[in-house]
Amino acid sequence: MNRKAQYAIEFVVLTTFMFFVFIAVFIVIEQHMASRSEDATDQSANAVMNTVLSELRIAESVSDGYFRQFTLPTNVNGEDYMINISTGAGDSSEIVLKYGNSKEKIYFLEYYVSNASTIGIGYNNISKNSGIILIAHDS
């Protein structure tokens, strides 16, 4: 009888140990997958910001009378986002992209963008007249 009790205790100890190993491996894998998903979302957010910046750089480099329509995606890696242009005192402007729970990307513009500029998800128009760049969300 003593031998059976020892086997039962060894079995319980071994099973408990294997259960904890399984849980630890599962947690590590889950954290890795969450990190990869977060990286993919960051890359998608960077792609949106780069789209806007490249459109602004093109508008800055061409002469007056420039007009173009560009599109921003409806989400970044399946997550909703907000993008806007803020103008400060003088010639300071910034593009703010907010996504996820509390993430944001901010880019300070080196050139003048009209304080009437609006940007949003979907279609946007960019133009340059009298050296002033204007972005208008086409809702």
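Definitions and limits used
Residues numbered from 1 in each chain as written. Predicted model: local features only at pLDDT ≥ 70, side-chain atom pairs only at ≥ 80, totals over all residues. Heavy atoms only, no water. Helix = DSSP H or I, 4+ residues; strand = E, 2+ residues; numbered from the N terminus. Rg over C-alpha atoms; globule rule 2.2 N^0.38 Å. Buried < 20%, exposed > 50% of the residue type's maximum accessible area, 1.4 Å probe, protein only. Contact = heavy atoms within 4.5 Å. Areas by Shrake-Rupley, 256 points an atom, 1.4 Å probe, with all protein chains shown as cover. Lys, Arg positive; Asp, Glu negative; His and termini not counted. Charge placed at Lys NZ, Arg CZ, Asp CG, Glu CD. Core = buried A, V, L, I, M, F, W, Y, C linked by side-chain atoms within 4.5 Å. Phe/Tyr/Trp six-rings, centres within 6.5 Å; stacked < 30°, edge-to-face > 60°. Pairing = 2+ DSSP bridges. Axes fitted to C-alpha atoms, helices over the stretch in contact; angles between N-to-C directions.

Caption draft 1: Layout of the overall build of the protein. From N to C terminus, the protein includes one helix and six strands. Ordered by position in the sequence, the α and β elements of the protein form the string α-β-β-β-β-β-β. Against the globule reference of 14 Å for 139 residues, the protein gives a C-alpha radius of gyration of 26 Å, more extended than a compact globule. With the C-alpha coordinates of the protein rotated into their principal frame, the extents come out at 95 × 25 × 25 Å. Counting all 139 residues of the protein, 27% fall into the buried class. Contacts in the protein between residues at least 24 apart in sequence constitute 50% of all its contacts with a sequence separation of at least 6. Just so you have it, the protein exposes about 9,300 Å², and 58% of that area is on carbon and sulfur atoms. Side chains of the protein carry 9 positive and 15 negative charges; the gap between the two charge centres is 12 Å.

Caption draft 2: Seen up close, the environment of Ile133. Tracing the backbone shows Ile133 in strand S6 (residues 132-137). As for Ile133 and Tyr66, which are separated by 67 residues in sequence, their C-alpha atoms are 9.1 Å apart.

Caption draft 3: Just the nonpolar core, in detail. Membership of the largest hydrophobic core comes to 24 residues, with the highest contact counts inside it found for Leu56, Ile83 and Ile95. Residue assignment for this core shows that the elements contributing at least two residues are helix H1 (2-61), strand S1 (66-72), strand S2 (81-87), strand S3 (93-99) and S6. Counting residues per element, this core draws most heavily on H1, which supplies seven residues.

Caption draft 4: The packing of aromatic side chains, seen in detail. The tally for this structure, following the rule as stated, stands at two aromatic pairs. Measuring from centroid to centroid gives 6.5 Å for Phe22 and Phe26, while their planes differ by 20°, and the two rings are stacked. Highlighted residues: Phe22 and Phe26, both in helix H1, separated by four residues, approximately one helical turn. On the basis of relative accessibility, which here comes to 54%, the residue Phe22 falls in the exposed class. Taking the relative accessible area as the measure of exposure, Phe26 reaches 48% and is therefore partly exposed.

Caption draft 5: Inspection of the sheet that holds S3 at higher detail. With antiparallel pairing, the three strands of this open sheet are ordered in space as S2-S3-S4. Pairing within the sheet leaves two strands with one partner each, and these edge strands are S2 and strand S4 (103-109). Each strand axis lies, on average, 15° off the axis of its neighbour in the sheet, ignoring direction. With seven bridges joining them, S2 and S3 adopt antiparallel strand pairing. Residue pairing across strands places Ile83 opposite Leu97, the latter belonging to S3. Of the strands in this sheet, S2, S3 and S4 are in contact with H1, which crosses S4 at around 20°.

Caption draft 6: Representation of unusual backbone geometry. At Asn77, a residue that is not glycine, the phi angle is positive and equals roughly 55°. With phi around 55°, Ser130 is a residue other than glycine that occupies positive phi space. Secondary-structure assignment places Ser130 in the loop between strand S5 (122-129) and S6. The exposure class of Ser130 is exposed, given its relative accessible area of 64%.

Spatial relationships are all this shows, so hold off on functional conclusions.
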